[in-house]
Amino acid sequence: EAQVTQNPRYLITVTGKKLTVTCSQNMNHEYMSWYRQDPGLGLRQIYYSMNVEVTDKGDVPEGYKVSRKEKRNFPLILESPSPNQTSLYFCASSSRALGGYTFGSGTRLTVV
Amino acid sequence: DQQVKQNSPSLSVQEGRISILNCDYTNSMFDYFLWYKKYPAEGPTFLISISSIKDKNEDGRFTVFLNKSAKHLSLHIVPSQPGDSAVYFCAARVLGADGLTFGKGTHLIIQP
């Protein structure tokens, strides 16, 4: 089944403790992206990657890092999480041939 | 500056009637538009799209209309069903680019 898989689904952590949210897709898509969803703000892009070893900042990159060492994986790294990073995070991928994204099921992160 | 605007945070429609969700955009470089549907605790799923060379695209109960001169698109759902209750995101893309710009979403509630 074609899908984007994020892990974990839920995570509660403490301020300053580094964490990684993994994202993997099995569709051989070139493009991958991370979004966060917050009430009243919709979906905002954090980082994106157009292919292996090519990453760029989205609209709200502060406090986040990403890497794209393999085509299928695009982890999101929070080096020193803060409470304002409490949010619902979505990974997405797309092929340039297609119209839109396939989204993962989301990761709900709480930073206390 | 918000390039994709969904000015109605919520919309309530009676079952069986027509639901009309609106979206406005400001970037004249957008040439591909999509609607995504999102249920709680799930990732957004692609619903329907339209290219700027068209003014209408239909898929079953869902029709998207595009008015380029007004920079406006709308999603019509006829007839509305209880399972249509969800948050709907409008998104837009620039030709040749991969990134999607999302609106803030409209929460559609179908009343029995």
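Look a little higher up for the structure.
A.B. asks: Quick question: what am I supposed to make of the interface of chain B and chain A here?
C.D. replies: Think of interface size as the accessible area that goes away when the parts come together; that is how it is often given. Across the contact, 16 residues belong to chain B and 19 residues belong to chain A. Of the roughly 1,500 Å² buried between chain B and chain A on both sides combined, carbon and sulfur atoms contribute 55%. Linking chain B with chain A are 0 salt bridges, by the criterion used here. Joining chain B to chain A, the criterion identifies 4 residue pairs in polar contact (both at pLDDT 80 or more). Within the residue set of the side of chain B that touches chain A, elements represented by two or more residues are β4 (30–38) and β9 (86–94) of chain B. With 4 residues, the top contributor of residues to the side of chain B that touches chain A is β4(B).

A.B. asks: Just checking my understanding: could you explain the state of the cysteines for this structure?
C.D. replies: Linking two cysteines covalently via their sulfur atoms produces the bond known as a disulfide. All told, the structure shown has 2 disulfides over all chains when counted by the stated rule. For A:Cys23, the disulfide goes to A:Cys91, at an S-S distance of 1.9 Å. Between A:Cys23 and A:Cys91 the sulfur-sulfur dihedral comes to about -75 degrees; the bridge is accordingly left-handed. Taken together, the positions of A:Cys23 in strand β3 (residues 19–25) and A:Cys91 in strand β9 (residues 87–94) put the pair 68 residues apart, joining distant regions of the chain. With respect to class, A:Cys23 is no different from A:Cys91; both count as buried. Here B:Cys23 is linked by a disulfide to B:Cys90, with a sulfur-sulfur distance of 2.0 Å.

Basis of the calculations
Residues numbered from 1 in each chain as written. Chains lettered and ligands numbered in written order. Predicted model: local features only at pLDDT ≥ 70, side-chain atom pairs only at ≥ 80, totals over all residues. Heavy atoms only, no water. Contact = heavy atoms within 4.5 Å. Buried area = accessible area lost by both parts, 1.4 Å probe. Salt bridge = Lys/Arg side-chain N within 4 Å of Asp/Glu carboxyl O. Polar contact = N/O pair within 3.5 Å; in protein donor to acceptor, adjacent residues only side chain to side chain. Helix = DSSP H or I, 4+ residues; strand = E, 2+ residues; numbered from the N terminus. Disulfide = S-S within 2.5 Å. Buried < 20%, exposed > 50% of the residue type's maximum accessible area, 1.4 Å probe, protein only.

The analysis is restricted to geometry; functional conclusions fall outside its scope.
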